[in-house]
Amino acid sequence: MGEKPEEIMKLFSKSEELLEMFRKGKAFTEELMYENERLRYRIVQLEKEKMDLSATLMREVERLRLENSQMGQKLEFVDGRFQEIEAENKDFAQRYVEVEEQNESLANLYVASYRLHSTLDPDEVVQCIKEILMNMIGSEEFGLYVVDEETSELVLAGYEGEIAQRFEKGRVAFGEGLEGLVAQTGELFFTEDAGASGEVCACIPLKIKERVVGVIAMYKLLPHKKGLSSLDHKLLELLAGHAATALVSSKLYAVADRKLKTIEGFMSLLRVR
Amino acid sequence: MERPKKNLLVVDDSATFRQLLCMSLARVDGIAPSNITEAVDGEDALNKVQNATFDLVLTDIRMPNMDGLEFVRRVRGDLKQDLPIIIISTKGADEDISLGMSIGASAYLSKPISMVKLRELIFKFLGK
C-alpha cells in the first residue's frame with residue numbers, strides 16, 4: 001500500500017473519466033429510448049392515418065363505383081333515347097317523303113284534271129292527254145283510241161312512237177287485239193313491270209259510267225323509267241274517267257258549234273234574200 | 001326580315017307540264033307564284049332572259065322554234081350569262097345527259113320528275 005499520490009490521482013482521474021463516459025452513455029441511451037418512443041408513437045399515428053385513409057379511399061372507390069354504375073345506366077338510357085329519337089327522325093323523314101309524294105301525286109292529279117276540262121277543243125283535249133302520258137307518266141310509245149259508234153271500231157285519235165304503223169288505217173275492231181278487248185270488256189289491263197327495254201303494256205278504257213268511249217294503250221315507257229308507280233296507276237285511273245268526259249264533251253261542243261255555225265249561215269243567207 | 005323572292009323561268013311547250021311545274025315550285029320556300037315566268041319555247045325564253053333577270057331557269061329540250069339545247073347554248077355563248085339552268089326532259093339516256101351538261105346546263109332531270117329531287121336542286125342553286 002505504498003502507492004504514490006500521483007498514481008492515486010491518475011487513478012482517480014481515470015475513474016472520473018469512466019464515470020463521465022457512463023453518464024454520457026446513460027444520457028445517450030435515454031435519448032435513444034425517447035426517440036424510440038416518439039417513433040413508435042409516430043408509427044401508431046401513421047398506421048391510424050393509413051387506416052383512415054384506406055377507409056376513405058374505400059368509401060371513395062365505392063362512391064365512384066356507384067356513380068359509374070349510375071352513369072352507365074344513364075348512358076344506357078341516353079343511348080336508348082338517342083336510338084329512339086334517331087328512329088323517330090327516320091320515321092319523320094320517311095313520312096315527309098311520303099307526304100311530299102302525296103302532294104306531288106295530288107298536284108299531278110289536280111293539274112291533269114284541270115287541264116283536261118279547261119278546253120272544249122277536241123284536238124286540245126287529245127294534246128292534253130298526250131302531254132299527261134308523256135310528261136307525267138313517262139310513256140314513250142302509246143296510242144289514244146276513240147270509239148266510232150257507227151262502225152263499232154276504235155279509231156286512233158292520237159299517238160306517240162311507231163304505233164300508227166301497227167294498225168291498218170288506224171282502226172281496230174271491238175274484241176280484236178288487246179285494245180279491242182279492253183274496249184269490249186271495259187276492264188283495265190296492266191302488266192306489272194317494264195321489260196329491259198322499257199316495254200310495258202297498260203290498256204285503260206275511257207268510260208263514262210259503263211259506256212266505253214275510248215281506250216288508252218301504253219306500249220313502252222321512257223328508257224330511264226323502270227315501271228309504273230302507284231301514282232301512275234292513279235293518273236291512269238283518273239284519265240279513264242276525266243279524259244272520257246273531256247273527249248265526249250269537247251266533241252259534242254264541236255258538233256253543236258258546227259251546227260250552230262251552219263244554221264247561222266243559213267239564217268244570214270235567208271236574210272240577204 | 002323576309003328574304004327577297006327568287007325569279008324563275010319555266011320553259012316548256014307543254015302547258016300541262018308548265019302548270020304542274022309552276023304549281024309545285026310555288027310551294028317551295030322563297031318562291032312566289034308571281035315570280036315565276038313561263039315561256040313556251042327557247043326563242044320566247046331567250047327574249048325573256050334578255051329583258052329580265054332570273055335566278056334560275058328550268059327548261060325542256062323538245063320544243064318548237066328553238067329547242068332547249070340551243071337555248072342553253074345561246075344563253076352561255078351569246079348572252080354570256082352563267083345563271084343556273086336545269087334541263088327537264090323526257091330524254092333521259094346517259095348520252096342525252098352528257099350532251100346537256102357539256103353545253104352548259106347546271107343540272108339535268110328526266111321526266112317524269114320527282115319534286116324531292118327538283119327541290120334539292122333548287123336549294124342547291126338558290127340556297128335554303
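Keep in mind the model is a prediction, meaning the values are calculated, not measured.

Colleague: Looking at this model, I keep getting lost on the overall build of chain A. Mind explaining?
Modeller: What chain A contains, in helices and strands, is four helices and six strands. Taking 2.2 N^0.38 as the reference for a compact globule, 273 residues should give roughly 19 Å; the C-alpha atoms of chain A span a radius of gyration of 55 Å, well beyond that estimate. When its C-alpha atoms are laid out on the principal axes, chain A stretches across 200 × 45 × 30 Å. For chain A, buried positions account for 23% of its 273 residues. For chain A, long-range pairs separated by at least 24 residues make up 57% of all intrachain contacts whose partners lie at least 6 apart in sequence.

Colleague: When you look at the overall build of chain B in this model, what are you seeing that I'm missing?
Modeller: Of the regular secondary structure elements, chain B holds five helices and five strands. Along chain B, helices (α) and strands (β) appear in the sequence β-α-β-α-β-α-β-α-β-α when read from the amino end. Here chain B has a C-alpha radius of gyration of 13 Å; the compact-globule value for 128 residues is 14 Å, and the two agree. Taken along the three principal axes of its C-alpha coordinates, chain B extends 40 × 30 × 25 Å. Of all 128 residues assigned to chain B, the portion counted as buried reaches 41%. Taking the intrachain contacts of chain B between residues at least 6 apart in sequence as the baseline, contacts between residues at least 24 apart amount to 62%.

Colleague: Is there a simple way to think about the pairing of strand S2 (residues 36-39) of chain B in this case?
Modeller: Note on strand geometry: in a regular strand, side chains alternate between the two faces of the sheet. Residue and element names in this part refer to chain B. One ladder, built from four bridges, connects strand S1 (residues 8-11) with S2; its direction is parallel. Looking at S2, one finds that Val10 is bridged to Glu38. Regarding the hand of the β-α-β motif, the stretch spanning S1, helix H1 (residues 15-25) and S2 is right-handed.

Colleague: Would you mind going over the interface of chain B and chain A with me for this structure?
Modeller: Accessible area lost on assembly of the parts is the figure often given for the size of an interface. Every contact between the two is made by 16 residues of chain B and, on the other side, 18 residues of chain A. Those elements that place two or more of their residues in the side of chain B that touches chain A are H1 and helix H5 (115-126) of chain B. Residue contributions to the side of chain B that touches chain A peak at seven residues, all from H1 of chain B. A per-class count over the side of chain B that touches chain A returns eight nonpolar, seven polar and one charged.

Colleague: I keep staring at the sheet that holds strand S5 (residues 107-110) of chain B and nothing clicks. Help me out?
Modeller: Each strand in a sheet pairs with its neighbour through backbone hydrogen bonds, running either in the same direction (parallel) or in the opposite one (antiparallel). Residues and elements named next belong to chain B. Judged by pairing direction, the sheet is parallel, and its five strands sit side by side in the order S2-S1-S3-S4-S5 without closing on themselves. The sheet is open, and its two edges are formed by S2 and S5, each paired on a single side. Between one strand and the next, the sheet's axes are offset by a mean angle of 20 degrees, whatever the strand orientation. Relative to strand S3 (residues 56-59), S1 runs parallel, the two sharing four bridges. Paired with Val11 across the bridge in S3 is Thr59. Lying on the sheet, helix H2 (residues 42-51) is in contact with S1, S2 and S3; it crosses S1 at an angle near 165 degrees.

Colleague: Which parts of the structure should I look at to understand the domain arrangement of chain A?
Modeller: All names here are of chain A. Domain boundaries in chain A define domain 1 (20-116) and domain 2 (121-262). Spacing between the C-alpha centres of domain 1 and domain 2 amounts to 72 Å. Opposite the seven residues of domain 1 that make contact, domain 2 presents eleven residues. Of the residues belonging to the side of domain 1 that touches domain 2, the class tally is three nonpolar, three polar and one charged.

Colleague: Looking at this model, I keep getting lost on the environment of Leu11 of chain A. Mind explaining?
Modeller: Residue and element names in this part refer to chain A. Structurally, the position occupied by Leu11 is in helix H1 (residues 5-116). What makes Leu11 exposed here is the crowd of 11 C-beta atoms within 10 Å. Each C-alpha atom, one on Leu11 and one on Leu231, is 135 Å from the other, the two residues being 220 residues apart in sequence.

Colleague: Teacher, can you tell me more about the packing of H1 of chain A against H1 of chain B here?
Modeller: In a pair of packed helices, the angle between the axes and the distance between the axes together describe the arrangement. For the pair H1 of chain A and H1 of chain B, the least separation of the axes is 10 Å and the interaxial angle reads 140 degrees. Judged on the interaxial angle alone, H1 of chain B and H1 of chain A are oblique. Crossing of H1 of chain A against H1 of chain B: the hand is right-handed. From H1 of chain A, Ala107, Asn108, Val111 and Arg115 of chain A reach across to H1 of chain B, where they touch Ala15, Thr16, Gln19, Leu20, Met23 and Ser24 of chain B. For the contact of H1 of chain A with H1 of chain B, the per-class residue count stands at five nonpolar, four polar and one charged.

Colleague: When you look at the confidence of the model for chain B in this model, what are you seeing that I'm missing?
Modeller: Low-pLDDT portions of the prediction should not be read for the details of their coordinates. Scored by pLDDT, chain B comes out at a mean of 91, with 97% of its residues at no less than 70. Predicted as a complex, the structure gets a pTM of 0.73 and an ipTM equal to 0.83.

Colleague: Any chance you could explain helix H3 (residues 177-185) of chain A here in plain terms?
Modeller: Along an α-helix, residues three or four apart share an orientation, since each turn contains 3.6 residues. All names here are of chain A. For H3, every residue scored as buried is listed here: Glu179, Gly180, Val182 and Ala183. Looking down the long axis of H3, one finds its buried residues gathered within 160 degrees of arc, a one-sided arrangement. Positive phi shows up at Gly186, right after H3, with a value of about 75 degrees.

Colleague: Any chance you could explain the environment of Asp82 of chain B here in plain terms?
Modeller: With respect to the helices, strands and loops of the structure, Asp82 of chain B is situated in the loop between helix H3 (68-77) and strand S4 (85-89). In this structure Asp82 of chain B comes out as exposed when scored by C-beta crowding, with 10 C-beta atoms within 10 Å.

Colleague: What is the right way to look at the pairing of S4 of chain B in this model?
Modeller: Residue and element names in this part refer to chain B. Where burial is concerned, most of S4 is hidden: five out of the five residues are buried. Of the two faces of S4, both are covered, the one formed by Ile85, Ile87 and Ser89 as well as the one formed by Ile86 and Ile88. With three bridges joining them, S3 and S4 adopt parallel strand pairing. Along S4, the bridge assignment pairs Leu58 with Ile86. Regarding topology, H3 serves as the crossover connection from S3 to the parallel S4, and that connection is right-handed. Pairing of S4 with S5 involves four bridges; the strand directions are parallel. Bridge assignment links Ile87 to a residue of S5, and that residue is Tyr108. In the classification by handedness, the crossover that spans S4, the intervening helix H4 (residues 94-102) and the parallel S5 is right-handed.

Definitions and limits used
- Residues numbered from 1 in each chain as written.
- Chains lettered and ligands numbered in written order.
- Predicted model: local features only at pLDDT ≥ 70, side-chain atom pairs only at ≥ 80, totals over all residues.
- Helix = DSSP H or I, 4+ residues; strand = E, 2+ residues; numbered from the N terminus.
- Rg over C-alpha atoms; globule rule 2.2 N^0.38 Å.
- Buried ≥ 20, exposed ≤ 12 C-beta atoms within 10 Å, placed from the backbone.
- Contact = placed C-beta atoms within 7 Å.
- Pairing = 2+ DSSP bridges.
- Right-handed = clockwise from strand over helix to strand, strands pointing away.
- Nonpolar A, V, L, I, M, F, W, Y, C, P; charged D, E, K, R; others polar.
- Axes fitted to C-alpha atoms, helices over the stretch in contact; angles between N-to-C directions.
- Domains from an automatic or database assignment.
- Parallel < 35°, antiparallel > 145°, perpendicular 65-115°, else oblique.
- Left-handed = near helix turned anticlockwise from the far one by under 90°.
- pLDDT = per-residue confidence, 0-100.
- Arc of directions from axis to C-beta.

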